[in-house]
Amino acid sequence: MSRRRAFTGAIVLSFTAYLIPLFNIHAGLVPLGVALVGLAEPSTYSLATLAAALAIQAILFALFYWLLRGRRWRNWLVLIAAAPLLVYGANLSVLYIVPLMVLVERDAQPETGDLAKVCSVPGVILAQVNSGADLSLERAGEAWVIRQEERLRARLTMPDCRIANVAAPRVGSTMDHVAPRGYMLFRRDDGNLAHVGPDHTAPLAVPAPSSGKYWSPILSDDGRTLAWLDRQPAQTGPRPYRLHLRRMNSDHTNGDEDETIVLDLPPRDQFELIGADTERGRFTLARFRNGILAIDRQGRTITGLVSPDGIYDARWGFRWLDGGWVAWDGYREEGRSRVVWLLPAGSGEVIIPKGRNIESLSVDPKGRYIAVSVATSLRIGNTKSSVFLIRTADGQELFRRYHPTFSRNRLAFLGADYLAMTRTENGQSFIDVYRVP
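In this text, all values refer to a predicted model and were calculated from it rather than measured experimentally.

**Describing helix α4 (residues 76-103)**
- Given a rise of 1.5 Å per residue, 28 residues ought to cover 40 Å, and the 38 Å separating the end C-alpha atoms of α4 matches this to within 8%.
- The axis of α4 is deflected most strongly, by about 40°, at Ala82, and proline Pro84 appears within four residues downstream.
- Along α4, the residues classified as buried are Ala82, Leu86, Ala90, Asn91, Ser93, Val94, Val98, Pro99 and Val102.

Structure below.
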C-alpha cells in the first residue's frame, strides 16, 4: 500500500481507540470516547485525560500505519497480541496515572507534637451526628458514640471515658438531629419522626404539621424544642419565611401549641435552618449558596451575613463561637477543601492538599484549637489519612499524625480540656481521649 493510502487508513482506524473499554467501578465497562464526553467541562483533569486519549490514538495510528505498509499478513498477528496491552494501558493511564498526577498533591507537613492520652475505650466509635451550629455537645463535654458489638448508641463523657447508654433505638434508624444529655430526633422505619431523651420512657411520636409537605425539623440545643422553616401562604409574589417552634413535652400530641415567627428576610432567597438555641434566642440559617446568618426570636437578623472565603457551601460545616466563627468544607466536589476561621484570638485559613476530603472537624468551645482529620477522596493510590490540631491564634500546627490509607478518623472535643479520636488496631475499634495542651 502506498504511503498516502496507508497514512489515510491509519488515521481512520486510529479512532477505534475511543472504543477501548474502561472499567468503571460504578458503571461497569465504558468506552473511552463516552468517558471523554463525560468530561466536557474544561479543567486540568479533563485536559490531561484528553492528552492521554490522544497519546493512545497516536500509538494506534503508528501501529496501523506499520501494518498497512507491510506486505506480510503475519504482521497483523501483532495487532491481536497488542490489543490486551492497549486496553490495559488505556485503563492504567486514564483511571490511575492521570488522576494521581492531576488530582493528588503531596502533603509535605511533617508529624509533630505529642498529646497525653488519659483514657481509652475499646469496641466503640464516634458517631457522625448533626448537633447544630453552636457547639452544644462540645460545651456540654460529651460526644455520641456507637457500641459496635451491641449496635447501640451511647454518650461519652469525662472523666475516665464514661460510656452511658441513651434511650435511642439501635443503629439503623436515621438520626436527624441530636442534643446534649441524650436527646435525639430520628426517623422510624415507616418514615415518621420520633423524639427521645433522658426524660422519656419510650420514643415519642412527632406528628407533622398540616402544611408539612417538606417538613425538616431540627432539635434546639436544649433538646426539648423542635424548630423548622416553612413559607407563609401568599396570594401573589414570593412567600415570606416563617420559623416554627414546638416545645416537646411528654404529653404533647399535636401542633396546636406551635410558636410561629415571621422572618424579616428576602423571600426570594433560599434559606435552610441549621441551628436553634432557644435559651439564647438565636437561630442559625444558611442562605444558598455560601451565606450564614443568625436571627432572634422576633425574626430580625442579629449576626451576619457571613460568607467564608473559599468555602464551597458553609451549611455543611459552620460553628459559631463567642465573637466569631469557624467554617470548613464538609462537602466539596472539586478543588481543595479549606478550613477558615475568624475569632477574637485570630483569623486564618488552612488549605487541604488536593486528593483529600475533610473527614471530621471539631472546635474547642473556647476557640483556642481546631482539630481536623482528612482522608483520601480517591479509591486509588496510597494517600495517607492524617489528624492535626491547629492553634487559632496563629494557625500553627501543634500536633499531626499520619494514618493508613482509607482510615476514617473521627474527632470530638469533650469540653475545652479533652479531645477524643477514633482508632483501629488489629480490626478492633477504640476511642482514645487526649488532654488538650
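**What to know about the pairing of strand β20 (residues 318-321)**
- Neither face of β20 is left uncovered, since the one carrying Phe318 and Trp320 and the one carrying Arg319 and Leu321 both have all their residues buried.
- Both β20 and strand β21 (residues 324-328) contribute to a ladder of 4 bridges, which runs antiparallel. Pairing of Arg319 across the sheet is with Val326, part of β21.
- Between β20 and β21, which follow one another and run antiparallel, lie 2 residues, and Gly323 among them has a positive phi close to 85°.

**Observations concerning the state of the cysteines**
- Here the structure, examined in full by the defined rule, presents 1 disulfide.
- Each disulfide pairs two cysteine sulfurs, and for Cys119 the partner residue is Cys161, the sulfurs being separated by 2.0 Å. Residues Cys119 and Cys161 are joined by a disulfide whose S-S torsion is about 75°; by sign, that bridge is right-handed. With a gap of 42 residues between them, Cys119 in strand β3 (residues 116-122) and Cys161 in the loop between β6 (152-157) and β7 (162-165) connect regions that are remote in the sequence.
- Classification of Cys119 as buried rests on a relative accessible area of 13%.

**Quick word on the packing of aromatic side chains**
- Scanning the entire structure with this criterion turns up 9 aromatic pairs.
- Pairing Tyr312 with Tyr331 gives two aromatic rings, centres 6.1 Å apart and planes at 65°, and the pair type is edge-to-face. Remark: Tyr331 occurs in the loop between β21 and β22 (338-343) and Tyr312 occurs in the loop between β19 (301-306) and β20; sequence separation between them is 19 residues.
- Aromatic pair Trp316 and Tyr331: ring centres 6.0 Å apart, planes at 55°, arrangement tilted. You can see Trp316 sitting in the loop between β19 and β20 and its partner Tyr331 sitting in the loop between β21 and β22, a full 15 residues away along the chain.
- Positioned above the aromatic ring of Phe430 is the side chain of Arg423, whose terminal nitrogen or guanidinium carbon lies 4.3 Å from the ring centre.

**Some points on the packing of helix α1 (residues 3-14) against helix α3 (residues 44-69)**
- Orientation of α1 relative to α3, taken along the N-to-C sense of each, is 140°, at an axis distance of 8 Å. In terms of orientation, α1 lies oblique with respect to α3. Crossing of α1 against α3: the hand is right-handed. From α1, Arg3, Ala6, Phe7, Gly9, Ala10, Ile11, Leu13 and Ser14 reach across to α3, where they touch Gln57, Leu60, Phe61, Phe64, Tyr65, Leu68 and Arg69.
- Class assignment of the residues belonging to the contact of α1 with α3 gives a composition of 10 nonpolar, 3 polar and 2 charged.

**Here we look at the sheet that holds β20**
- In spatial order, the strands read β20-β21-β22-β23; together these 4 strands make up an open sheet with antiparallel pairing. With one partner strand each, in any of the chains shown, β20 and β23 (346-351) form the two edges of the open sheet. The average angle at which neighbouring strand axes cross in this sheet is 5°, direction not considered.
- Pairing between β22 and β23: 6 bridges, direction antiparallel. Within β23, the position partnered with Leu343 by the bridge is Gly346.

**Re the sheet that holds strand β12 (residues 218-219)**
- Read from one edge of the open sheet, 4 strands run β12-β13-β14-β15, paired in antiparallel fashion. A strand with exactly one partner marks an edge of an open sheet, and here the two such strands are β12 and β15 (259-262).
- Where β12 lies against strand β13 (residues 225-231), 2 bridges are found, and the strand directions are antiparallel. When the bridges of β13 are listed, Ile218 appears paired with Ala227.

**Things to note about the side chain of Arg155**
- Topologically, Arg155 is positioned in strand β6.
- Accessibility expressed as a relative area gives 18% for Arg155, which makes it buried.
- Not counting residues within four places of it along the chain, the set of residues in contact with Arg155 comprises Glu142, Ala143, Val145, Arg162, Ile163, Ala164, Val166, Arg181 and Gly182.

The rules we used
- Residues numbered from 1 in each chain as written.
- Predicted model: local features only at pLDDT ≥ 70, side-chain atom pairs only at ≥ 80, totals over all residues.
- Heavy atoms only, no water.
- Helix = DSSP H or I, 4+ residues; strand = E, 2+ residues; numbered from the N terminus.
- Expected span 1.5 Å × (residues − 1).
- Bend = angle between axes of the 7 residues up to and from the residue.
- Buried < 20%, exposed > 50% of the residue type's maximum accessible area, 1.4 Å probe, protein only.
- Pairing = 2+ DSSP bridges.
- Disulfide = S-S within 2.5 Å.
- Phe/Tyr/Trp six-rings, centres within 6.5 Å; stacked < 30°, edge-to-face > 60°.
- Lys NZ or Arg CZ within 6 Å of the ring centre and 35° of its normal.
- Axes fitted to C-alpha atoms, helices over the stretch in contact; angles between N-to-C directions.
- Parallel < 35°, antiparallel > 145°, perpendicular 65-115°, else oblique.
- Left-handed = near helix turned anticlockwise from the far one by under 90°.
- Contact = heavy atoms within 4.5 Å.
- Nonpolar A, V, L, I, M, F, W, Y, C, P; charged D, E, K, R; others polar.

The values are spatial; any link to function lies outside them.
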